[in-house]
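Fold and geometry: a report
Listed below are the residues making up each chain.
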Amino acid sequence: MTGTPSSSVTRLLIANRGEIARRVMRTARRMGIQTVAVHSDPDRHALHVQEADTAVALGGTLSADSYLRIDKLLAAARATGADAVHPGYGFLSENAEFAQAVIDAGLTWVGPPPAAIRALGSKSAAKALALAHGVPCLPGYWGADQSDATFMAQAQQLGLPLMVKAVAGGGGRGMRLVTDMAQLLPALHSARSEALAGFGNGDLLMERALLRPRHIEVQIMADTQGHCIHLGERDCSVQRRHQKIIEESPSPAVSPALRAQLGQAAIALAQSAGYVGAGTVEFLLDEAQADKPFYLMEMNTRLQVEHPVTEMLTGLDLVEWQLRIARGEALPLAQADVRLQGHAIEVRLCAEDEHFTPQTGTVQAFAEPEGLRFDHALQVGTVVTPHYDAMLGKLIAHASTRAEAIARLSTGLNQTAVLGLPTNRAFLAACLQHPVFQAGQALIPFLAEHADAVRESLQAHGDARSVAALAVLYASQAPAAAMPSPFTRPVRMGLGDVVFSLSLQELGQGKVRIQTDAATHLARVHHSAELLHIELNGSHWQARAVACPSNTTAPWHVQLQGPACFEMWLSHQSHSAPSTGASAQAAQSLRAPFNGKLIALHAHEGSSVKQGDAVLVIESMKLEHILCAPRDAVVHSISVSVGQQVSPGQVLVQWKDPT
């Protein structure tokens, strides 16, 4: 049981980190509740630690040694006099043993009862419960026999396509799509490994896959008096690696009648398990069918990352509701009192490049947008490590219409600056402008079908490249106001695999003459606050450029906002021989694209590989990433071993040509 009418919450330990810890603190502070932060060694200077009333070091670097240690969390609660624990999301938030341990310690658990977590936290158990209470599910297998032979036999009966899923956890980990029976065994082994590493539970289930559905989820709230209501749906169909990156409400595909049906199914499932607190029931919606049938995916027995979408739409504080329910209070609203106003959209800002590869680094410059809600834990100097999830924060826009919300969020993303490491900021902004998303027609395969076109739109050319070069050259000091140089200076910049050249001549008063292959241009450059203002060919650009010495291949990070918005990583190669670019040795070696731990090697010295063959597997930010051979080659040498931590740019394998 979450709490009783006599429960009090005066000092709250938040068993989490980063932006969700700060989010919970914000509400607790407003309610007059003191907060206790916990942290691992890498997080000792994090914002959530600085802002809490009290902070306790858990020690260790990995989650397994800190945020996943129940004994350390309870010891921190005892040492600080905390009388309640909020788990946030991720980590132990859906761990029934943790919930029970908190309750057994005499503390208030801000979450559902352990029995409800057990009943619904397992996808297989939730499906069995759902079928017993009339909630529709896709045909599948979620039995106790986890042998490969049983899964193979069941797959033959179910037919293709199939989705293999981890029974525990979430976040897209342990999910594999199978469209050919030859893929099934590798999918089972890979999903089982990822699930075991991520959740400590390698059990899997399998169900028929819908190839073009929407992902629709319903926010529910239940109190200890037996009342349960829903707060509308969120459409989370824009995903990469089965992980959401854009969420909105209301869904463009959900009518009031369908919303009522989804809400009734979500409430029926929650009440069947004796649920209390905030939870989310997730469905797949098949728009290809005229009657738009929906099927249960799972229930998340916790607060969701995307809960701000519902807060903006309803005007409610879901964390406050969690705390009040934990104190034994009744829901403040009945279903008929819930009002959904306007449209809200959230994007997840992640430390990853446009190919969804996780990235690490130090924030060198940071600026927040105006007029948006931005839940984050960022500041200049924040170090993003490979040990935790890649998400840095969430930007949320609310407006009276969907079109206005998209426009507001797009503007805010373009105003946001996080420099020093790659992020998906520009990619998200481009997704919002894609005609399929603008039309409200984005389904789960949206990025599989359109990501390449989105990436193409992010490629800077022409004036943008010239402006970026000026931003690098004048990052710390604008061109001379007087004493212009009569000499022309050759400049060469590397942008990915492309090297482009300019000739510059300073003319005084911030003016610069630029000669390119195409023409001669006049630019004006001046500094204002933290921005460079650059005028070129009648257009005004705002630019930020920071040096990132740890990035040896492209040490300048540039963000431009002007007629279009671009984000680039440049190398200043004016003093380097043309043949020493970053791509010179690319074909001779396989390098680590990000920080992580090597967990598998599929090649050895002397072995022959074909282009696309799996060579090794790196675990980073809680996901497994397979690196493949870029060409047909023979392994000349391997510089790393399984279990080793690797860093960006590190040579892992060297090739030689086949004989």
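None of the values given here were measured: they were computed from a predicted structure.

1. Side note on empty space enclosed by the protein
Evaluated as defined, the whole model comprises two cavities of 30 Å³ or more. The calculated volume of the largest cavity comes to roughly 70 Å³. Contributing to the lining of the largest cavity are 13 residues, with Asp235, Val238, Glu248, Phe437 and Ala442 lying nearest its centre. Elements supplying a minimum of two residues to the lining of the largest cavity: β11 (228–240) and β12 (243–249). It is β11 that provides the largest number of residues to the lining of the largest cavity, a total of four residues. Within the lining of the largest cavity, the residues separate by chemical class into six nonpolar, three polar and four charged. Looking at the second largest cavity, its volume works out to about 40 Å³.

2. Things to note about the nonpolar core
Within the largest apolar cluster, 39 residues are counted, with the highest numbers of intra-cluster contacts made by Ile246, Phe427 and Leu447. Sorting the residues of this core by element identifies β12, β15 (343–350), β20 (391–399), α12 (402–415), α13 (425–433), α14 (435–438) and α15 (446–457) as the ones contributing at least two each. Among the elements that take part in this core, α13 stands out by supplying seven residues, more than any other. Ignoring anything within four residues of it in the chain, the contact list for leucine 447 reads Val238, Gln239, Arg240, Ile245, Phe356, Phe427 and Cys431. In terms of nonpolar packing, the next biggest core, distinct from the first, is built from 33 residues, Met25, Tyr89, Leu316 and Leu323 among them.

3. Some points on the pairing of β12
Extensive coverage of β12 is indicated by the burial of seven of its seven residues. Alignment of β11 against β12, held across four bridges, turns out to be antiparallel. Of the residues in β12, the one forming a bridge with glutamine 239 is lysine 244. Pairing of β12 with β15 involves four bridges; the strand directions are antiparallel. Counted as the bridge partner of glutamate 247 is glutamate 346 from β15.

4. Topic: the sheet that holds strand β8 (residues 176–178)
On the basis of which strands lie adjacent, the open sheet formed by four strands has the order β6-β9-β7-β8 and antiparallel pairing. Looking at the sheet topology across the chains shown, the edges are occupied by β6 (140–141) and β8. Here β6 runs beside strand β9 (residues 204–208); their pairing, made up of two bridges, is antiparallel. Pairing of tyrosine 141 across the sheet is with methionine 206, part of β9. Set on the sheet, helix α7 (residues 148–158) makes contact with β6, β7 (162–166) and β9; between it and β9 the angle comes to about 10°. Lying on the sheet, helix α8 (residues 184–199) is in contact with β7, β8 and β9; it crosses β8 at an angle near 170°.

5. Structural notes on the confidence of the model for the protein
Put simply, the protein has an average pLDDT of 92, and 96% of its residues get 70 or more. This model gives residues 579–586 a pLDDT under 50, and the stretch forms five contacts once residues within four places in sequence are excluded.

6. Some thoughts on the environment of serine 608
Relative to the assigned elements, serine 608 resides in strand β32 (residues 608–609). Non-local contacts of serine 608, meaning those with residues more than four positions away in its chain, are made with Ala633 and Val634.

7. With respect to the packing of aromatic side chains
Scanning the model with the defined rule gives eight aromatic pairs in all. Put simply, the rings of Tyr67, Phe91 and Tyr388 touch in pairs and so form one group of aromatic residues. A cation over an aromatic ring shows up here: lysine 127 above the ring of tryptophan 142, its NZ or CZ 5.8 Å from the ring centre.

8. Some remarks on the side chain of glutamate 19
By the element assignment, glutamate 19 lies in helix α1 (residues 18–30). Setting aside residues no more than four positions away along its own chain, glutamate 19 makes contact with Tyr89, Asp375, His376, Ala377, Met391, Leu392, Gly393 and Lys394.

9. Quick look at helix α6 (residues 123–132)
What α6 keeps buried is the set Lys123, Ser124, Ala126, Lys127 and Ala130. Angular distribution of buried residues about the axis of α6 spans 160°; they occupy a single face of the element. Next to the buried residues of α6 lie α5 (114–121), β7, β9, α9 (256–272) and β14 (294–300). Phi turns positive one or two residues past the end of α6, at glycine 134, with a value near 75°.

10. Details of the sheet that holds strand β10 (residues 214–222)
Taking strand neighbours across the sheet as the criterion, the eight strands line up as β14-β13-β10-β11-β12-β15-β20-β18 in an open arrangement whose pairing is antiparallel. Either end of the sheet is taken by a strand with one partner, and the two such strands are β14 and β18 (373–376). Here the average twist between neighbouring strands, direction ignored, is 25°. Packing against the sheet, helix α11 (residues 318–326) makes contact with β10, β11 and β13 (277–285), and its axis sits at approximately 40° to β10.

11. Considering the pairing of β18
What you see with β18 is no split at all: Arg373 and Asp375 on one side and Phe374 and His376 on the other are buried throughout. Two strands pair when backbone bridges link them, and β18 and β20 are joined in this way by four bridges, in the antiparallel orientation. Counterpart to phenylalanine 374 in the pairing with β20 is leucine 395.

12. Details of the side chain of glutamine 146
You can see glutamine 146 is positioned in the loop between β6 and α7. For glutamine 146, the side chain forms a polar contact with the main-chain oxygen of glycine 143, separated by 3.2 Å. Residues in contact with glutamine 146, not counting those within four places in the same chain, are Phe151, Arg192, Gly202, Asp203 and Leu204.

13. What to know about the pattern of salt bridges
In total, this model carries 39 salt bridges according to the counting rule given. Between arginine 30 and aspartate 317 there is a salt bridge whose closest N-O contact spans 2.7 Å. Placement of arginine 30 in helix α1 and of aspartate 317 in the loop between α10 (307–314) and α11 is noted, with a sequence separation of 287 residues between them. Salt-bridge contacts for glutamate 449 lead to arginine 212; the nearest nitrogen and oxygen are separated by 2.2 Å. Of this pair, glutamate 449 sits in helix α15 while arginine 212 sits in the loop between β9 and β10, and the two are 237 residues apart along the sequence. One connected set of salt bridges, linked through shared partners, spans Arg23, Arg26, Arg30, Glu311, Asp317, Glu320, Arg324, Arg327, Glu329, Arg373 and Asp375.

Rules behind the numbers
- Residues numbered from 1 in each chain as written.
- Predicted model: local features only at pLDDT ≥ 70, side-chain atom pairs only at ≥ 80, totals over all residues.
- Heavy atoms only, no water.
- 1 Å grid on protein atoms, 1.4 Å probe; cavity = no way out; pocket = protein on both sides within 12 Å on 5 of 7 lines; lining within 4 Å.
- Points joined across faces, edges and corners; volume = space filled by probe spheres on them.
- Helix = DSSP H or I, 4+ residues; strand = E, 2+ residues; numbered from the N terminus.
- Nonpolar A, V, L, I, M, F, W, Y, C, P; charged D, E, K, R; others polar.
- Core = buried A, V, L, I, M, F, W, Y, C linked by side-chain atoms within 4.5 Å.
- Buried < 20%, exposed > 50% of the residue type's maximum accessible area, 1.4 Å probe, protein only.
- Contact = heavy atoms within 4.5 Å.
- Pairing = 2+ DSSP bridges.
- Axes fitted to C-alpha atoms, helices over the stretch in contact; angles between N-to-C directions.
- pLDDT = per-residue confidence, 0-100.
- Phe/Tyr/Trp six-rings, centres within 6.5 Å; stacked < 30°, edge-to-face > 60°.
- Lys NZ or Arg CZ within 6 Å of the ring centre and 35° of its normal.
- Arc of directions from axis to C-beta.
- Polar contact = N/O pair within 3.5 Å; in protein donor to acceptor, adjacent residues only side chain to side chain.
- Salt bridge = Lys/Arg side-chain N within 4 Å of Asp/Glu carboxyl O.

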